[in-house]
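# Summary of the model geometry
Each chain, letter by letter, is given below.
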2 protein chains.
Amino acid sequence: MIVERIYKAVMEQRLAPNTKLSEARLCETFGVGRMRVRRALLLLSSQGIIDLQSNRGAYVSCPDKSEANDVFEARMLIEPPLVRLLAGRAGDAGLQILSEHIALEDSARQGNERTEVIRLSGEFHVKLAQASGNVVISRVMHELVTRTSLIVGLFGSSGNASCPDDEHAKILDAIHDHDPERAESLVITHLNHIQNGLNMDVRKPPLDDLASILGAS
Amino acid sequence: MIVERIYKAVMEQRLAPNTKLSEARLCETFGVGRMRVRRALLLLSSQGIIDLQSNRGAYVSCPDKSEANDVFEARMLIEPPLVRLLAGRAGDAGLQILSEHIALEDSARQGNERTEVIRLSGEFHVKLAQASGNVVISRVMHELVTRTSLIVGLFGSSGNASCPDDEHAKILDAIHDHDPERAESLVITHLNHIQNGLNMDVRKPPLDDLASILGAS
DNA sequence: TTGACATAGATTGTTAACAATCGTGAAATG
DNA sequence: CATTTCACGATTGTTAACAATCTATGTCAA
């Protein structure tokens, strides 16, 4: 699916904000007609991943300080009750998946695969939502995490583009122990760490090569 | 905007679940080309308002018990922290709007304008989110409320299609008094009232006249 | 040199014709 | 009479050509 390809590129911060996504370019890149491309762009714009400017084309969304705060506030609102819920009814299958995911994160970190680490780091939060079995919450988290990836790319100090190392494991532990309070507290701390790693004042200049960025997906 | 028209029809429960929305019909109804219609349908489907079946057309979404539970669970997850947030930082402008909205609800109730009452009843929750000033949360709530409208139409005992009478006012009072605990508690009660007014076992048969439903919007 | 303006190229928005798919109903067969 | 098959009509999916809009370049004048 073409939408997923662009999603993934954004999640791995290979597609910088403000990059122009021209229809013609996407058509030849993905080898599909303009209709498919336009449909994908509309979908992406409805989720705030790209901005669709009338008669001017599609640009990777470039959140300002205000939008960034909104996204983090939304996550701060949703994720604590979410892990609380998970600590209550933890499905064995879900816990298993989360545990395996953390293993993937570790292995990618040790292999120094930067983009992989960044993407997996975000995906953990999505899988957290999926572990609840609630498809509505999962969709919302998917959108929030993707936009967070854009924000981190824009405002992040280059060092910590991913989540702090072992916090995911600690959260999972708390859930596994059926300890809602601890899980909630850990998530709040975790989100604060991510947000504090940002510098909301300087916005990195957007670079736009776009050439074969989408190829290796 | 064509999307808003369909939104409104769903919110007022004039468009029953499972109603087929054929492209040709919508084209002549709104007097636009097929492109606009298809774009609107794609948008609506991405928000779970309609189901887009390949080569078969668009049908107003018909949530099953599981999806209904997911929507309510999501609202139960999001709205309590939301009003808590609002009780903390209540913008005067926002409170004013909410207050006026409740007045509208009352007036519609006294005028026995059924569809109006139903729509306003749902919109209150959206405006609650808007009062936070957070556009991300607002978008999420908008989607959740619309889908709730579908669910109530499907599973609701005919009496209480709208929210219980004065609970909205009580919630607003608590927010106005900067009392997070009370506001949260009232919202939880309120959501429970809505959910308890449903009968998850019998699903009303979907009727599909569709004739001039969309006209009077 | 700088500014406005016009023209040309490129890009997006729209339309209409065509292709593919599905549902329905009639006809044929057991 | 029931069941399967086939063909037709209707509806959606796709494509390609056309129209509208914007950006950039180059020219001319102040």
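Above this note sits the structure.
The notes below deal with the structure included here. All values reported here derive from a predicted model rather than from experimental measurement.

This next bit is on the sheet that holds strand β2 (residues 50–53) of chain A. All names here are of chain A. Reading across the sheet, the three strands line up as β1-β3-β2 and stay open at both edges, with antiparallel pairing between neighbours. Unpaired on one side and paired on the other, β1 (20–21) and β2 mark the two borders of the sheet. One ladder, built from four bridges, connects β2 with strand β3 (residues 57–60); its direction is antiparallel. In the sheet register, I50 faces β3, and the bridge partner there is V60. Each of β1, β2 and β3 is contacted by helix α3 (residues 34–46), which is oriented at about 115° to β2, the strand it contacts most.

Residues and elements named next belong to chain B. Alternating residues of strand β3 (residues 57–60) divide into A58 and V60, all buried, and G57 and Y59, none buried. Relative to β3, strand β1 (residues 20–21) runs antiparallel, the two sharing two bridges. When the bridges of β3 are listed, K20 appears paired with Y59. Hairpin connection from strand β2 (residues 50–53) to β3: three residues lie between these consecutive antiparallel strands, with N55 at a positive phi of about 65°.

Right, let's talk about the protein's contact with DNA strand D for a bit. Residues in close proximity to DNA strand D include G33, M35, N55 and R56 of chain A together with S22, E23, A24, S54, N55 and G57 of chain B, which together make up its full environment. Grouping the amino acids of the surface near DNA strand D by side-chain chemistry returns two nonpolar, six polar and two charged.

Every residue near DNA strand C is listed here: S22, E23, A24, S54, N55 and G57 of chain A together with G33, M35, N55 and R56 of chain B. Classifying every residue of the surface near DNA strand C gives two nonpolar, six polar and two charged.

How each quantity is defined
Residues numbered from 1 in each chain as written. Chains lettered and ligands numbered in written order. Predicted model: local features only at pLDDT ≥ 70, side-chain atom pairs only at ≥ 80, totals over all residues. Pairing = 2+ DSSP bridges. Helix = DSSP H or I, 4+ residues; strand = E, 2+ residues; numbered from the N terminus. Contact = placed C-beta atoms within 7 Å. Axes fitted to C-alpha atoms, helices over the stretch in contact; angles between N-to-C directions. Buried ≥ 20, exposed ≤ 12 C-beta atoms within 10 Å, placed from the backbone. Near = placed C-beta within 6 Å. Nonpolar A, V, L, I, M, F, W, Y, C, P; charged D, E, K, R; others polar.

From the geometry alone we can't say anything about function, so treat these as descriptive.
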